[in-house]
Amino acid sequence: MATVVRVADCDPGHPETAALIARSDAYMSALYPAESNHFDGLETLRLPNVRFVAAWFGERIVGCGAVKRLDGPPAYGEIKRVFVAEDCRGRGVSKQIMAVLEQTLIEAGVHLARLETGIHQPEAIGLYRALGYAEREPFGAYQPDRLSLFMEKRLVAGASP
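Note that the structure is predicted; figures quoted are calculated from it, not measured. (Residues numbered from 1 in each chain as written. Predicted model: local features only at pLDDT ≥ 70, side-chain atom pairs only at ≥ 80, totals over all residues. Heavy atoms only, no water.)

Caption draft 1: How the structure looks around the overall build of the chain. Across its full length, the chain carries 4 helices and 7 strands. When the elements of the chain are put in sequence order from the N terminus, they spell out β-α-α-β-β-β-α-β-α-β-β. Computed over the C-alpha atoms, the radius of gyration of the chain is 15 Å, within 12% of the 15 Å expected from 2.2 N^0.38 for a compact globule of 161 residues. Considering only C-alpha atoms, the chain reaches an extent of 40 × 40 × 30 Å along its principal axes. Every one of the 161 residues in the chain was classed for burial, and the buried ones make up 46%. Taking the intrachain contacts of the chain between residues at least 6 apart in sequence as the baseline, contacts between residues at least 24 apart amount to 63%. Counting 18 positive and 20 negative side-chain charges, the chain places the averaged centre of each group 3 Å from the other. (Helix = DSSP H or I, 4+ residues; strand = E, 2+ residues; numbered from the N terminus. Rg over C-alpha atoms; globule rule 2.2 N^0.38 Å. Buried < 20%, exposed > 50% of the residue type's maximum accessible area, 1.4 Å probe, protein only. Contact = heavy atoms within 4.5 Å. Lys, Arg positive; Asp, Glu negative; His and termini not counted. Charge placed at Lys NZ, Arg CZ, Asp CG, Glu CD.)

Caption draft 2: Broad picture of the nonpolar core. Grouped together as the largest cluster of nonpolar side chains are 28 residues, with contacts concentrated most on Ile79, Ile97, Met98, Leu101, Tyr128 and Tyr133. For this core, the secondary structure elements donating two or more residues are strand S2 (50-57), strand S3 (60-70), strand S4 (76-84), helix H3 (93-107), strand S5 (112-118), helix H4 (122-130) and strand S7 (148-154). The element that contributes the greatest number of residues to this core is H3, accounting for 7 residues. With near-sequence residues (within four places) excluded, Tyr133 lies in contact with Ile79, Met98, Glu102, Ala113, Leu115, Tyr128, Met151, Glu152 and Lys153. (Core = buried A, V, L, I, M, F, W, Y, C linked by side-chain atoms within 4.5 Å.)

Caption draft 3: Spotlight on unusual backbone geometry. Phi angles above zero are rare outside glycine, and Arg81 is one such case at about 60°. Relative to the helices and strands, Arg81 resides in strand S4. What makes Arg81 buried here is its relative accessible area of 12%.

Caption draft 4: Representation of the sheet that holds S2 within the structure. One open sheet accounts for 7 strands, arranged S1-S2-S3-S4-S5-S7-S6; its pairing is mixed. The sheet terminates laterally at strand S1 (6-9) and strand S6 (134-136), the two strands that pair on one side only. On average, each strand axis in the sheet is inclined to that of its neighbour by 30°, with strand direction left out of account. Pairing of S4 with S5 involves 3 bridges; the strand directions are parallel. Paired with Glu78 across the two strands is Arg114, which belongs to S5. Strands S2, S3 and S4 of the sheet are contacted by helix H1 (residues 15-31), whose axis makes an angle of about 75° with S3. H3 rests against S1, S2, S3, S4, S5 and S7 of the sheet, and its axis sits at about 30° to S3. (Pairing = 2+ DSSP bridges. Axes fitted to C-alpha atoms, helices over the stretch in contact; angles between N-to-C directions.)

Caption draft 5: Just the pairing of S7, in detail. The element S7 is largely enclosed, with a buried count of 5 among its 7 residues. Pairing of S5 with S7, which is carried by 7 bridges, proceeds in the antiparallel orientation. Paired with Leu112 across the strands is Arg154, a residue of S7. Pairing between S6 and S7: 3 bridges, direction antiparallel. Counted as the bridge partner of Glu135 is Met151 from S7.

Caption draft 6: Region of the structure containing the pattern of salt bridges. If you walk through the whole model with that rule in mind, you get 12 salt bridges. Residue Glu102 pairs with Lys153 through a salt bridge whose shortest N-O separation is 3.1 Å. Of this pair, Glu102 sits in helix H3 while Lys153 is found in strand S7, placing the two residues 51 residues apart along the sequence. A relative accessible area of 4% places Glu102 in the buried class. Where salt bridges share partners, they join Arg23, Glu86 and Arg89 into one cluster. (Salt bridge = Lys/Arg side-chain N within 4 Å of Asp/Glu carboxyl O.)

Nothing here speaks to function; it is geometry throughout.
So, in structure tokens, the structure goes:
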């Protein structure tokens, strides 16, 4: 059962989203060496080609995520910074965030979403596979990394994640 009342634009520097990002960084740093972490900082998350969203349950921000639109060829959106507070996981929050990020790309005429995640995150990998993401080779500036999993999904207008 989903618990999010709304997913909407938010400044990544908002104290609650900044705290989520810091918790995400700490979690990833505990799982992977620095060279296998690909964090986008606040400056990048505020660029015009990035949409950063937060998920609210009541007045509390419980999750966040971003999509960065990149020119190709082909043009694609890179999903970044999807993270949900520990006590709200398993309730559909990340699916709601992903739906908004994917819809952002479709509305911008971009029909390909890509992401990088780590191999030690089975829940994230399971989510992405359930949403239709398939494994692929590294993309953009990413280099092959035995600790990274690269995925992509073709987006179709009107399709539900």
